[in-house]
Amino acid sequence: MDLGIAGKWALVCAASKGLGKGCAEALVREGVNVVVTARGVEALEATAAELRALNAAVEVRTVAGDITTEAGRAAALAACPQVDILVNNAGGPPAGDFREWTRETWIAALDGNMLTPIALIKATVDKMAERGYGRVVNITSAAVKAPYEALGLSNGARTGLTGFVAGLARQPKLASRNVTINNLLPGPFDTERLRSNTAAIANKSGQAFDALWESRRKSNPTQRFGDAREFGAMCAFICSTHTGYMTGQNVLMDGGSYPGTF
Ligand code: NAP
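Just so we're clear, the structure is a prediction, and the values are computed from it rather than from any experiment.

Participant: Is there a simple way to think about the packing of aromatic side chains in this case?
Facilitator: The description of two aromatic rings rests on the distance between their centres and on the angle between their planes. Scanning the model with the defined rule gives four aromatic pairs in all. Ring centres of Phe189 and Phe231 lie 5.3 Å apart, and the angle between their planes is 80°; on these two criteria the pair is classed as edge-to-face. Taken together, the residues Phe189 in the loop between β6 (179-186) and α7 (192-205) and Phe231 in helix α9 (residues 228-238) connect sequence positions 42 residues apart. Across the pair, exposure class does not vary: Phe189 and Phe231 are buried alike. Taken together, a centroid distance of 5.6 Å and an interplanar angle of 20° make the contact between Phe209 and Trp213 stacked. Here Trp213 and Phe209 lie together in helix α8 (residues 209-219), a separation of four residues that amounts to about one turn.

What follows is the structure, given as structure tokens:
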């Protein structure tokens, strides 16, 4: 299937590794020019080199910086000639017990996983509407549908974003102009983040990492973790010209972990 997006420009945030990188790879394969961001320069430049090798016809630009800061967002936006596609992503907040979290802890989580995507949406969607095409994909989490006990900061901040997006996506001045805003909800994908989270839980509970990793793998109906390339392929499809009639949706990719019928 031709996704119809070759030549468009995408800003893919937090994309030197993991799910963001998977999205950037899939878009580049479809001929989309990308601006990719991350804080660490080395991994970002290595990823950019991989992306350029995937498709010599596209332009790949890098912006090193913290996307949760105003300066980081301004630099990312300035590097993108026009944002036709926006993939919102950032690191997830730490696990822990809500009794230990202060106002500052909460503000940091809200900044990263709610207010940053909202700021980038605000900076881009009206221009998308003027041009008659726009796709926003927010990488959230399966925790929005089924909260993880230890990830209260993530549960709270991401659900806040989800509620906001549910209203915004339905504004006729966006939806009728072919601008869609959807959320992509990862369950367990084999990335550095999942490995470090698992290591933290193993440490705390005194279990061996390998035993815990295996039991998590086996507890999924597919008996495996997701691959960032699968995630990226779904992201690219949602960004395609075929999805203008789908907006305000939460697309769950979790190998069937969520037990509900709907
Ligand atoms: P990952 O493998 O650790 O990759 C995170 C990427 O984001 C890296 O490129 C990292 O680079 C970049 N990044 C992190 N914080 C950033 C910031 N403030 N500004 C710019 N770039 C930043 O993580 P992942 O597994 O892909 O997770 C991506 C998102 O999905 C996270 O919010 C995570 O909580 C969520 N999620 C993941 C899973 C899963 O199973 N993997 C499940 C549910 C939800 P630098 O560190 O160099 O900045």
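Participant: For this particular structure, what's the right way to read the site of the ligand?
Facilitator: In the neighbourhood of the ligand, 28 residues make up the surrounding shell, with Ser16, Leu19, Arg39, Ala90 and Thr191 lying closest. For the ligand, an oxygen atom lies 2.8 Å from a polar atom in the backbone of Gly40. A distance of 2.5 Å separates an oxygen atom of the ligand from a polar side-chain atom of Thr191. For the ligand, whose free accessible area comes to 880 Å², the fraction covered by protein is 90%. If you list the elements that add at least two residues to the shell around the ligand, you get α1 (18-29) and α7. When its residues are assigned to classes, the shell around the ligand shows 10 nonpolar, 12 polar and six charged.

Participant: When you look at the environment of Asn220 in this model, what are you seeing that I'm missing?
Facilitator: Counting through the fold element by element, Asn220 comes out in the loop between α8 and α9. Spatially, the C-alpha atom of Asn220 lies 7.2 Å from that of Gly256, the residues being 36 residues apart in sequence. Contacts of Asn220, omitting those with residues within four sequence positions, involve Pro188, Asp254, Gly255 and Ser257. Separated by 2.9 Å, the side chain of Asn220 and the backbone oxygen of Asp254 make a polar contact. Within polar-contact distance, the side chain of Asn220 engages the side chain of Ser257 at 3.3 Å.

Participant: Where do I start with the nonpolar core in this structure?
Facilitator: Among the nonpolar cores identified, the biggest contains 35 residues, and Val12, Leu27, Val34, Val36 and Ile85 are the most heavily contacted of them. Secondary structure elements with two or more residues in this core: β1 (9-12), α1, β2 (33-38), α2 (41-54), β4 (85-88), β5 (134-139), α9 and β7 (250-253). No other element matches the six residues that α1 contributes to this core. Ignoring any residue separated from it by four or fewer positions in sequence, one finds Val34 in contact with Trp9, Ala10, Val12, Ala24, Leu27, Val28, Leu51, Glu59, Val60 and Arg61.

Participant: What exactly am I supposed to notice about the sheet that holds β1 here?
Facilitator: Note on sheets: strands pair through backbone hydrogen bonds, and any given pair is parallel or antiparallel. Pairing is parallel in the open sheet, where seven strands are placed in the order β3-β2-β1-β4-β5-β6-β7. Edge positions in the sheet fall to β3 (60-64) and β7, since each of these pairs with one other strand and no more. Across the sheet, the mean angle from the axis of one strand to that of its neighbour is 15°, orientation sign disregarded. Direction of pairing for β1 relative to β2: parallel, over a ladder of four bridges. Bridge pairing in β2 places Ala10 opposite Val34.

The rules behind the values
Residues numbered from 1 in each chain as written. Predicted model: local features only at pLDDT ≥ 70, side-chain atom pairs only at ≥ 80, totals over all residues. Heavy atoms only, no water. Phe/Tyr/Trp six-rings, centres within 6.5 Å; stacked < 30°, edge-to-face > 60°. Helix = DSSP H or I, 4+ residues; strand = E, 2+ residues; numbered from the N terminus. Buried < 20%, exposed > 50% of the residue type's maximum accessible area, 1.4 Å probe, protein only. Near = heavy atom within 4 Å. Polar contact = N/O pair within 3.5 Å; in protein donor to acceptor, adjacent residues only side chain to side chain. Areas by Shrake-Rupley, 256 points an atom, 1.4 Å probe, with all protein chains shown as cover. Nonpolar A, V, L, I, M, F, W, Y, C, P; charged D, E, K, R; others polar. Contact = heavy atoms within 4.5 Å. Core = buried A, V, L, I, M, F, W, Y, C linked by side-chain atoms within 4.5 Å. Pairing = 2+ DSSP bridges. Axes fitted to C-alpha atoms, helices over the stretch in contact; angles between N-to-C directions.

In short, shape yes, function no, at least from these values alone.
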